[in-house]
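For reference, the chains in residue letters:
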Amino acid sequence: MPTTAISLPPTPKRAHYDAIIVGARCAGASTALLLARAGLTVLAIERRPYGSDTLSTHALMRPAVLQLSRWGLLKPLLRAGTPLIETTTFHYGDEEITILLNAGPDLPGLIAPRRTVLDRMLVDAARKAGAEFLHDVAVGDLFADTRGRVRGVEIRGAGRAALRLSADIVIGADGIGSTVAKCCDAQVLRRGTVSAAHVYGYAPVEPGAGYHWYFRDGIAGSLIPTNAGLACIVASVPTKLFDERFRLDHFRARMEVLEALSPALAEQGSLYRNRTGVRP
């Protein structure tokens, strides 16, 4: 009788690493890249699939683009169809201020790559440098030595028993709701006092468009050109307003915010394609 093959997650190449990174998105993959280039044995563990999407408004500012250029990744991102941003326009009510970005050999402009492009490229570069990655694998717990110092992780993958891997250092790059922070009972050193929600989707945009940032009467919005001829169009509101108005009808409330910010932005936003995201 024919049997169906079960796809199991890859097995780690070693039991001990110089560094284990929990989370392999842009932060974790960048860290893996730098540590591997410095000669360390590195394992990065990511619970989501390789190349998968995630909530993000994409816009990178000068320091991030400069780092990508230094790492040799800016030109590949541009070749992958990420548009070069050469202007930023701020809209304060009815006032409009456009700033031409100062270009240089290492920083020709800004970029806002889709995370399916950026994260995958960072992982590939880190792998080329010698880092090891496990995708579709979750970290369930950390373990410590007799002095309380974290010395490794316990991983869990579908179809496999829990496995312990040790490291000289464990780095948490697993974002909001961090498992590493919870397992370490990490202290909150700084807490924000302003809370906002961002609701976004994608719409076609003309080639050569720049960043646009809109501000009016306690609401904000943005137009951020990204890959595939699309722009990420964002409506941003205080969390309280989101709880009151957005939870029942995202599209209607989003269009009301965009219309209040700019009729032109609302017209662009009405052409939404692809998925819509919510960042609290």
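The structure displayed is predicted, hence computed values, not measured ones. (Residues numbered from 1 in each chain as written. Predicted model: local features only at pLDDT ≥ 70, side-chain atom pairs only at ≥ 80, totals over all residues. Heavy atoms only, no water.)

Chemist: Teacher, can you tell me more about the overall build of the protein here?
Modeler: Each helix and strand counted, the protein has eight helices and 13 strands in total. On the principal axes, the C-alpha backbone points of the protein span a range of 60 × 55 × 45 Å. Taken across its 280 residues, the protein has 42% of its residues classed as buried. Look at the contacts in the protein between residues 6 or more apart in sequence, and 68% of them connect residues 24 or more apart. For the protein, the accessible area works out to roughly 15,400 Å², and carbon and sulfur atoms hold 54% of it. (Helix = DSSP H or I, 4+ residues; strand = E, 2+ residues; numbered from the N terminus. Buried < 20%, exposed > 50% of the residue type's maximum accessible area, 1.4 Å probe, protein only. Contact = heavy atoms within 4.5 Å. Areas by Shrake-Rupley, 256 points an atom, 1.4 Å probe, with all protein chains shown as cover.)

Chemist: Got a minute to help me understand a nonpolar patch on the surface in this structure?
Modeler: Side chains of Tyr92, Ile97, Ile99 and Phe215 sit close together on the surface and give an oily, nonpolar patch of about 350 Å² of accessible area. Looking at the element boundaries, Ile97 is found in strand E4 (residues 95-100). The partly exposed category is assigned to Ile97, whose relative accessible area is 35%. (Patch = residues over 30% accessible without salt bridge, like charges linked within 9 Å, V, L, I, M, F, W, Y side chains within 5 Å. Salt bridge = Lys/Arg side-chain N within 4 Å of Asp/Glu carboxyl O.)

Chemist: Looking at this model, I keep getting lost on the pairing of strand E3 (residues 87-92). Mind explaining?
Modeler: A regular strand places its side chains so that they alternate between the two faces of the sheet. Sheet analysis places E3 next to E4, joined by six bridges and oriented antiparallel. Paired with Thr87 across the bridge in E4 is Leu100. Between E3 and E4, which pair antiparallel one after the other, the connecting turn spans two residues, and Gly93 there sits at a positive phi close to 65 degrees. Across five bridges, the pairing between E3 and strand E10 (residues 211-216) is parallel. Among the inter-strand pairings, His91 is bridged to a residue of E10, identified as Tyr214. (Pairing = 2+ DSSP bridges.)

Chemist: Help me understand the packing of aromatic side chains, please; the structure alone is not making it clear to me.
Modeler: Here the distance between the centres and the angle between the planes together describe a pair of aromatic rings. For the coordinates displayed, the defined rule picks out five aromatic pairs. Arranged with centres 5.5 Å apart and planes meeting at 25 degrees, the rings of Phe242 and Phe246 form a pair that is stacked. Aromatic ring contacts, followed pair by pair, group Phe90, Tyr92 and Phe215 into a single cluster. The ring centre of Tyr50 lies 4.5 Å from the NZ or CZ of Arg120, which sits over that ring. (Phe/Tyr/Trp six-rings, centres within 6.5 Å; stacked < 30°, edge-to-face > 60°. Lys NZ or Arg CZ within 6 Å of the ring centre and 35° of its normal.)

Chemist: Would you explain the sheet that holds strand E7 (residues 150-156) in this entry?
Modeler: Whether parallel or antiparallel, the strands of a sheet pair through hydrogen bonds between backbone atoms. Read from one edge to the other, the open sheet built from six strands follows the order E5-E2-E1-E8-E7-E6, with strand pairing classed as mixed. Since the sheet does not close on itself, it has two edges, and those belong to strand E5 (132-135) and strand E6 (138-144), each with one partner. With strand direction ignored, the average angle separating the axes of adjacent strands in the sheet is 40 degrees. Alignment of strand E1 (residues 16-22) against strand E8 (residues 163-172), held across six bridges, turns out to be parallel. Bridging from a neighbouring strand, His16 pairs with Ser166 of E8. (Axes fitted to C-alpha atoms, helices over the stretch in contact; angles between N-to-C directions.)

By themselves, these figures tell us nothing about what the structure is for.
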